[in-house]
Amino acid sequence: MNENIVFPYKPKRKIVVFGQREAWCKVIKPCLIDVEIICHKNSNKNYDSIIEKADVVWVHSEMSHSFFNKINKTTKKYNKQLLYLRGRGGKNSAEQIYLFEEKGEYINYLTN
């Protein structure tokens, strides 16, 4: 983890994060203030209104294809930016969001 980043962090934009397991969600939630964190166990809900209000949507790669496809379809419907988190740790994911929001740093692991 980057030692210059201090958590909790409050982004300037409205962010929604779709995550993986409950343990991951428990770690990332206290790191990010005013960020909607949605765990994979709630994958059957309708998230249209949450995504519609967001400025950017992040997804963790470790989720079912059907859940990802549902999120992807909805982000396209509302023309929202969809970004991917890489790595396993909740703190690592929070750091990626911080670096993108504050420094514009983003590595799309799907293409690198």
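Residues numbered from 1 in each chain as written. Predicted model: local features only at pLDDT ≥ 70, side-chain atom pairs only at ≥ 80, totals over all residues. Heavy atoms only, no water.

Engineer: Please explain empty space enclosed by the protein as it appears in this structure.
Structural biologist: Where empty space is left can be seen by rolling a probe of water-molecule size over the atoms. With the rule as written, the count across this model stands at one cavity of 30 Å³ or more. There is about 30 Å³ of room inside the largest cavity. Lining the largest cavity, in full, are K45, Y47, D48, I51, K70, I71 and T74. Put simply, the parts of the chain that give the lining of the largest cavity at least two residues each are α2 (48–53) and α3 (65–77). With three residues, α3 is the single largest residue contributor to the lining of the largest cavity. (1 Å grid on protein atoms, 1.4 Å probe; cavity = no way out; pocket = protein on both sides within 12 Å on 5 of 7 lines; lining within 4 Å. Points joined across faces, edges and corners; volume = space filled by probe spheres on them. Helix = DSSP H or I, 4+ residues; strand = E, 2+ residues; numbered from the N terminus.)

Engineer: Just checking my understanding: could you explain the side chain of E101 for this structure?
Structural biologist: Among the structural elements, E101 can be located in helix α4 (residues 90–103). Once residues lying within four places of it in the same chain are set aside, the contact partners of E101 are Y9, P11, R13, I15 and V56. (Contact = heavy atoms within 4.5 Å.)

Engineer: Looking at this structure, I do not really get the nonpolar core. What am I missing?
Structural biologist: As a rule of thumb, nonpolar side chains are buried together in soluble globular proteins. Core analysis: the biggest nonpolar cluster contains 22 residues, and V17, L32, I37, W58 and I97 have the highest contact counts within it. The set of elements that each furnish at least two residues to this core consists of β1 (15–18), α1 (22–28), β3 (56–60), β4 (81–85) and α4. Among the elements that make up this core, the one with the highest residue count is α4 (five residues). Contacts of I97, omitting those with residues within four sequence positions, involve I15, V17, I28, L32, W58 and L85. (Core = buried A, V, L, I, M, F, W, Y, C linked by side-chain atoms within 4.5 Å. Buried < 20%, exposed > 50% of the residue type's maximum accessible area, 1.4 Å probe, protein only.)

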